[in-house]
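Remarks on the overall topology
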Amino acid sequence: MALLEVKDLGVRFTRRDAAPVDAVQRVSFTLEKGKTLGIVGESGSGKSQTVMALLGLLPGNGQASGEALYAGRNLLTLNQRELNQIRGDRIGMVFQDPMTSLNPFLTVERQMTEALQQHRGVSRREARRQAIEALQRVWIPDAARRIDRYPHEFSGGMRQRVTIATALLTEPEILIADEPTTALDVTVQAQIIELLRELNRDLGTAIILITHDMGVVAGLADDVMVMYAGRTVERASAQSLFETPTHPYTRGLLDALPRLEDAADESNGADAPLRTIAGNPPAPGEAIDGCAFAPRCACAMERCHGTPPSLAPIAGVQDGWRACLRPVEEIVEVVR
Amino acid sequence: MSETTTRIAIGNAAVERQPGGSSAGAAGEAVLSVQDLKVHFRVPRGGYPWSPKATLRAVEGVSFEIRRGETVGLVGESGCGKSTLARAIIGLTPVTAGSVRWRDTETVRDGHRPAAAMERLRKDVQMVFQDPLASLDPRMTIEQIVAEPLKVQRPELGRDEVRARVLTMLERVGLGVHHLARYAHEFSGGQCQRIGIARALVGEPQLVICDEPVSALDVSIQAQIVNLLRDLQRELSLSLLFVAHDLAVVKAISQRVLVMYLGRVMELGTRHEVYGSPQHPYTRALLSAVPRPDPAVERTRQHPVLTGEMPSPLNLPSGCAFRTRCPEAVAACAEEVPQPVSRGTGERRVACIRVGVALKADAVI
């Protein structure tokens, strides 16, 4: 059963002296209970705005359209009071920079117990007990003492674990993690990935993971949605997307990644350059006829510059979708 | 300096180039050599500026060299001192002890910088910074930004000559004449980094220090910049010191790699040595923590490798700095600071007393 069903989500920002910007257009996905969905894209692709719209956190000039069904209700039409009953309770959030999502003036205890007192009406004492337990679950040593400290007294990785523990206090059904490891070192990132994996497995929390890092997605996500210039370009299971990417952009992204296991070890000089995607992504608000990726696409045809492709099922791939006018077989030939 | 130099023209400018380019790297002569460099900061121990001071050992006795036409990758977690080391070499941070030699000039001697030597250094060594937009003056046009190093270092050049060189350089990094009069905010992150590279290279330096030059960029742009740096390096026979935390990027560009932890060198060797058969437990941990973009690999791999946090550089552990998190640590590790010395064949240096004892060839990656 689908936990969250998003249909034709759009996000439009109005500007005072210019035409409005469509940051997200026609994005649809479903999140199943206990599954992890990875949303991948470069900066400006609309991946963060997609979840901000779901949470009602768009800035004042942003307007969401479409539908986002959660427990029979459309999140996009709820008022702030109704949203507050869901946010931080049924849907938890973890953001990129733990230092800015924690209040520097409050002890960790105050920030953690707030959610429980607000949503569960438990006593401060009980809330504190649960908060300490949650900190222990995310491997904070000496949690009973550390809980009375301020955020600046924690390291970056520990702060992120505090925000994850806070989000999990109310045992949400969905955890939205927006670039949760981007500000962290690789060794700490590995710890956070492992932690998220464990929570997903043990508590059955469904996760929407937003990241630009294909490696992080590969380790965590069951399904992956790739976004470019506000639209979904490909959506499939992680397995099939990494094995046979069918959209030229997904292919380009995977090819452009420098890899540790590249065979370049033998020589110490003249090895092949990295594959790149030429050009730059379109600026926000730039008028695009046709496929937004066409100007950078090695597979682009005449037609691509005129008609925007719509998301269509990929033949032979269960629950696989792609938005590209060129057939899959031709893309494999051109790009490889 | 070399008798057999060919000259390739960059517009009207000409740059010395050694035949063979970077392939001569392994056997090339050292242009920069750093000896036992230490950078310490006095910082308040408590939360207030007037609290008693303690010594933060950001760089604690680092020695290495960079050869002509070679790229040395400098990796480590945040707080390991890699940026401080880079900044100390170029003179942006005072040094506490040790020496730095740039070709035949000693630019740091026993922690002091002779002024005349710094003049020389500034001409020959340039830097590319992490944040592409923040490192460009918002009130200068692109032409002014790229021309500034020439105006300072080559005052004898005429206006037309400066403009010609700026334009040639901009074209070389993929920008054009129509960009000259624009301002930095009109460019994307990748384009700003191209401008930063043009600014660093326009004065024909011989060593360019790149401090996390691609970590603020998107993947597709990152690959473009890495390729650009690689091409320029080969063409101009530049030496590069490439500071980054992304191990895969460092692998793509470096000939030799230096791994730092808490201000000290843990392992130093060719890319082949460090990535192919890492010897130091820290290098191994670091490499195995990198997530692979392949679900099949990621799901079956052992997780995570390192527990715990990096100790504070205000209060280093005795002996090996890594021993508090090291899976191989024994009592002897606490007794003496292990020096990065050659252990076995090749030019690899490893600062670990356990190499060859406990670490059998159980390839971690």
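Conventions we followed
Residues numbered from 1 in each chain as written. Chains lettered and ligands numbered in written order. Predicted model: local features only at pLDDT ≥ 70, side-chain atom pairs only at ≥ 80, totals over all residues. Helix = DSSP H or I, 4+ residues; strand = E, 2+ residues; numbered from the N terminus. Buried ≥ 20, exposed ≤ 12 C-beta atoms within 10 Å, placed from the backbone. Contact = placed C-beta atoms within 7 Å. Rg over C-alpha atoms; globule rule 2.2 N^0.38 Å. Axes fitted to C-alpha atoms, helices over the stretch in contact; angles between N-to-C directions. Parallel < 35°, antiparallel > 145°, perpendicular 65-115°, else oblique. Nonpolar A, V, L, I, M, F, W, Y, C, P; charged D, E, K, R; others polar. Pairing = 2+ DSSP bridges. Domains from an automatic or database assignment. Core = buried A, V, L, I, M, F, W, Y, C linked by C-beta atoms within 7 Å. Expected span 1.5 Å × (residues − 1). Arc of directions from axis to C-beta. pLDDT = per-residue confidence, 0-100. Right-handed = clockwise from strand over helix to strand, strands pointing away. Left-handed = near helix turned anticlockwise from the far one by under 90°.

For chain B, the helix and strand inventory stands at 10 helices and 14 strands. Residues classed as buried in chain B amount to 49% of the 365 residues present. Residue pairs in contact within chain B that sit at least 24 positions apart in sequence constitute 64% of those at least 6 positions apart.

For chain A, the count of helices and strands is 12 helices and 12 strands. Computed over its C-alpha atoms, the radius of gyration of chain A comes to 21 Å, within 12% of the 20 Å expected for a compact globule of 336 residues. With the C-alpha coordinates aligned to their principal axes, the bounding extent of chain A is approximately 65 × 55 × 40 Å. Counting over 336 residues, chain A shows a buried share of 46%. When contacts within chain A are restricted to residue pairs at least 6 apart in sequence, long-range pairs at least 24 apart make up 63% of them.

Another point: the packing of helix H3 (residues 142-153) of chain B against helix H5 (residues 189-201) of chain B. Each packed pair of helices is defined by two parameters, the angle between the axes and the distance between the axes. Residue and element names in this part refer to chain B. It is at 7 Å that the axes of H3 and H5 come closest, and there the two elements cross at 30°. On the basis of the axis angle, H3 is roughly parallel to H5. Here H3 contributes Ile 142, Ile 145, Val 146 and Pro 149 to the contact with H5, which in turn contributes Ile 195, Ala 198 and Arg 199. Of the residues assigned to the contact of H3 with H5, the class counts are 6 nonpolar, no polar and 1 charged.

Okay, the sheet that holds strand S5 (residues 73-74) of chain A next. Residues and elements named next belong to chain A. In spatial order, the strands read S2-S1-S4-S5; together these 4 strands make up an open sheet with antiparallel pairing. On the outer flanks of this sheet lie strand S2 (21-32) and S5, each paired with one strand and no other. Strand direction decides the pairing type here: strand S1 (residues 2-13) and S2, joined by 8 bridges, are antiparallel. Residue pairing in the sheet places Leu 9 in a bridge with Val 27 of S2. Its contacts with the sheet put helix H1 (residues 47-54) on S1, S2 and strand S4 (62-70), and the angle it makes with S2 is roughly 70°.

A separate point is the domain arrangement of chain A. Accessible area lost during the coming together of the parts is what is often quoted as the interface size. All names here are of chain A. Taken domain by domain, chain A comprises domain 1 (2-104 + 160-228) and domain 2 (242-259 + 284-335). The C-alpha centroid of domain 2 is placed 24 Å from the C-alpha centroid of domain 1. Between domain 1 and domain 2, the contact holds 9 residues from the first and 11 residues from the second. When grouped by side-chain class, the residues that make up the side of domain 1 that touches domain 2 number 8 nonpolar, 1 polar and no charged.

What follows covers the nonpolar core. Core analysis: the biggest nonpolar cluster contains 196 residues, and A:Ile208, A:Val217, B:Leu74, B:Val146, B:Ile209, B:Leu241 and B:Phe242 have the highest contact counts within it. In terms of residue count, helix H6 (residues 219-236) of chain B provides more of this core than any other element does, 8 residues in total. When residues of this core are sorted by domain, at least three fall in each of domain 1 (2-104 + 160-228) and domain 2 (242-259 + 284-335) of chain A. Once you skip the residues sitting within four places of it in the chain, B:Phe242 turns out to touch B:Thr71, B:Val72, B:Gly73, B:Leu74, B:Cys210, B:Val250, B:Ile253 and B:Ser254.

Another point: the interface of chain A and chain B. The interface is formed by 39 residues belonging to chain A together with 44 residues belonging to chain B. Within the residue set of the side of chain A that touches chain B, elements represented by two or more residues are helix H8 (186-203), helix H9 (214-220), helix H10 (238-243) and helix H11 (248-256) of chain A. Broken down by element, the residue count for the side of chain A that touches chain B peaks at 7 residues, all from H8(A). Among the residues forming the side of chain A that touches chain B, the class breakdown is 18 nonpolar, 15 polar and 6 charged.

The next point concerns the pairing of strand S9 (residues 207-211) of chain B. Residues and elements named next belong to chain B. The buried count for S9 comes to 5 of 5 residues, which makes it a mostly enclosed element. Judged by which residues are buried, S9 turns out to be covered on both faces: Leu 207, Ile 209 and Asp 211 on one side and Val 208 and Cys 210 on the other are all buried. The pairing of S9 with strand S10 (residues 239-243) spans 5 bridges and is classified as parallel. Opposite Asp 211, over in S10, you have Val 243 as the bridge partner.

Another aspect to go through is the sheet that holds strand S10 (residues 231-237) of chain A. Residues and elements named next belong to chain A. Taken together, 8 strands build an open sheet; the order of strands is S6-S7-S8-S3-S9-S10-S12-S11 and the sheet is mixed. Across the chains shown, the open sheet's two edge strands, defined by having one partner strand only, are strand S6 (91-94) and strand S11 (312-313). In the sheet, strand S3 (residues 36-40) pairs with strand S9 (residues 223-228) via 4 bridges, with the strands oriented parallel. Across the sheet, residue Leu 37 finds its bridge partner in S9, namely Asp 223. Contacting S3, strand S7 (174-178), strand S8 (206-211) and S9, H1 crosses the sheet at an angle of about 140° to S8.

In this section: H11(A). Along H11(A), 7 of the 9 residues are buried, which leaves the element largely enclosed by surrounding structure. If you check which residues of H11(A) are buried, you get A:Pro248, A:Tyr249, A:Thr250, A:Arg251, A:Gly252, A:Leu253 and A:Ala256.

Residue and element names in this part refer to chain A. Under the 1.5 Å per step criterion, the end-to-end length of helix H5 (residues 124-137) is 20 Å for 14 residues, consistent within 8% with the ideal 20 Å. Among all positions of H5, only Ala 127, Ala 131, Ala 134 and Leu 135 are buried. Buried residues along H5 cover an arc of 100° about the axis, so they all sit on one side. Elements that come into contact with the buried residues of H5 comprise helix H4 (108-120), helix H6 (143-146) and helix H7 (156-168).

The next subject is the confidence of the model for chain B. Residues and elements named next belong to chain B. Averaged over chain B, the pLDDT score is 86; the fraction of residues at 70 or greater is 89%. With pLDDT under 50 throughout, residues 360-365 is counted as low confidence; its partners more than four residues away or in other chains account for 5 contacts. For this predicted complex, the interface confidence reaches an ipTM of 0.84, while the overall pTM sits at 0.86.

Residue and element names in this part refer to chain B. The buried fraction of S10 amounts to 5 of the 5 residues, a majority that puts the element mostly inside the structure. Of the two faces of S10, the one carrying Ser 239, Leu 241 and Val 243 and the one carrying Leu 240 and Phe 242 are both buried. Bridge count for strand S5 (residues 71-75) against S10 is 4 bridges, and the pairing is parallel. Bridge pairing in S10 links Leu 74 to Val 243. After leaving S9, the chain enters H6 and then returns to the sheet as S10, a path that is right-handed.

Residues and elements named next belong to chain A. Close contact between H4 and H5 brings their axes to 9 Å; oriented N to C, the two are set at 115°. Our classification of the angle between H4 and H5 gives roughly perpendicular. The way H4 lies across H5 gives a crossing that is right-handed. Note on element contacts: H5 touches H4 through Arg 124, Ala 127, Arg 128, Gln 130 and Ala 131, opposite Glu 109, Met 112, Thr 113, Leu 116 and Gln 117. Across the contact of H4 with H5, the residue classes break down as 4 nonpolar, 3 polar and 3 charged.

Once that is clear, we can look at unusual backbone geometry. We note that A:Trp139 has phi near 60°; this positive angle belongs to a residue other than glycine. Given 16 C-beta atoms within a 10 Å radius, A:Trp139 is considered partly exposed.

Residue and element names in this part refer to chain A. The residue Gln 160 is located in helix H7 in this model. Taking the number of C-beta atoms within 10 Å as the measure of exposure, Gln 160 has 30 and is therefore buried. For the pair Gln 160 and Met 99, spaced 61 residues apart in the sequence, the C-alpha separation amounts to 8.3 Å. With near-sequence residues (within four places) excluded, Gln 160 lies in contact with Pro 98, Pro 180, Leu 184 and Ile 192.

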